[in-house]
Amino acid sequence: MSTLRRVATTVAATLSLTFVTPATAQRRPQPTRADWQAIAQLANAWQRWITALTITPYSGPECPGRWAIPTSIVSTFFLMAVMGYTLNVVTMLALTLMVGVVIDDAIIVLENVYRFIEEKNMPPMQAAIEGTKEIGLAVMATTLSLLAVFLPIGFMGGIVGRFMSSFGFTAGFAVGVSLLVSFTLTPMLSSRFLRAPAKTSDGHVHSSKESKFFSVIDRSYTAMLTWAMRHRKIMVGICVAVV
């Protein structure tokens, strides 16, 4: 309860910055260091839960996707050492943000490889090759778009560049290594550890898409997509209004 109270206090203080006046400046709640630490702990717990929920259905503790985060982050340490960076507030901020980014490419490749095994009945080795080949362009486009965002920060000049240069390069290093991991380590581990779903006694193959959790998401998304396709003019109007 104390953690949630700290989070609520910090969020309220942040939102109040938009409506600061001389009369309300003294009454605005000031977040403490403990408040920011509580938000960081809550964000890290949420990130771990989402990551585990995403990659757990594919296999057990040996899930290939779970190796993407430590491999990418630890490899980034080497590139940071080459550039002469240290583990400070700025570089740690970049590494913390990249934890949720470096897993994306691995999850995309892992999901596609598992789809080839489950739906096309391919051997794991062939599925790893064909699945990575099919999704390679999309993964590369995603990574290059992220590099286009973070690398220019590393080349900023002036006082801002002195502070944010290490942030941009560290983030770029992590994203670049994650691309390498998703094209090498993830397919290799997928070919070794992923297996086709086992058949039941009556010969039925239990698909991962038959789980209750996925069924709820599938029905909800299908209903929303069907409604959107039937009311295209309304959707275009909503998009224009939002923009």
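Everything discussed here concerns the structure shown above.
Residues numbered from 1 in each chain as written. Predicted model: local features only at pLDDT ≥ 70, side-chain atom pairs only at ≥ 80, totals over all residues. Heavy atoms only, no water.

A.B. asks: Got a sec to walk through the side chain of Thr 143? Specific residues and values, please.
C.D. replies: Within the secondary structure layout, Thr 143 lies in helix H6 (residues 124–154). Among the polar contacts made by the side chain of Thr 143, one reaches the main-chain carbonyl oxygen of Val 139 at a distance of 3.0 Å. Non-local contacts of Thr 143, meaning those with residues more than four positions away in its chain, are made with Asp 105, Val 175 and Leu 179. (Helix = DSSP H or I, 4+ residues; strand = E, 2+ residues; numbered from the N terminus. Polar contact = N/O pair within 3.5 Å; in protein donor to acceptor, adjacent residues only side chain to side chain. Contact = heavy atoms within 4.5 Å.)

A.B. asks: Which residues make up the packing of helix H5 (residues 89–119) against helix H7 (residues 158–183), and what values go with them?
C.D. replies: Across the interface, H5 lies against H7 with an axial gap of 9 Å and an inter-helix angle of 20 degrees. Here H5 is positioned roughly parallel relative to H7, judged by the angle of their axes. By crossing handedness, the relation of H5 to H7 is classed as right-handed. Of the residues in H7, those touching H5 at Val 90, Thr 91, Leu 93, Ala 94, Leu 95, Leu 97, Met 98, Val 101, Val 102, Asp 105, Ala 106 and Val 109 are Phe 163, Ser 166, Phe 167, Thr 170, Ala 171, Ala 174, Val 175, Ser 178, Leu 179 and Ser 182. Its residues assigned to classes, the contact of H5 with H7 shows 16 nonpolar, five polar and one charged. (Axes fitted to C-alpha atoms, helices over the stretch in contact; angles between N-to-C directions. Parallel < 35°, antiparallel > 145°, perpendicular 65-115°, else oblique. Left-handed = near helix turned anticlockwise from the far one by under 90°. Nonpolar A, V, L, I, M, F, W, Y, C, P; charged D, E, K, R; others polar.)

A.B. asks: Let's hear about the pattern of salt bridges: which residues, and what values?
C.D. replies: Considering all chains together, one arrives at two salt bridges under this definition. With a closest N to O distance of 3.9 Å, Arg 115 and Glu 119 form a salt bridge. With Arg 115 and Glu 119 both in helix H5 and four residues apart, this pair spans about one turn of that helix. According to the relative accessible area criterion, Arg 115 is partly exposed, its value standing at 21%. Residue classification places Glu 119 among the partly exposed positions, given a relative accessible area of 41%. Between Glu 134 and Arg 115 there is a salt bridge, with the nearest N and O atoms lying 2.7 Å from each other. One end of the pair, Glu 134, is in helix H6; the other, Arg 115, is in helix H5, and 19 residues separate them in sequence. The network of salt bridges with shared partners includes Arg 115, Glu 119 and Glu 134. (Salt bridge = Lys/Arg side-chain N within 4 Å of Asp/Glu carboxyl O. Buried < 20%, exposed > 50% of the residue type's maximum accessible area, 1.4 Å probe, protein only.)

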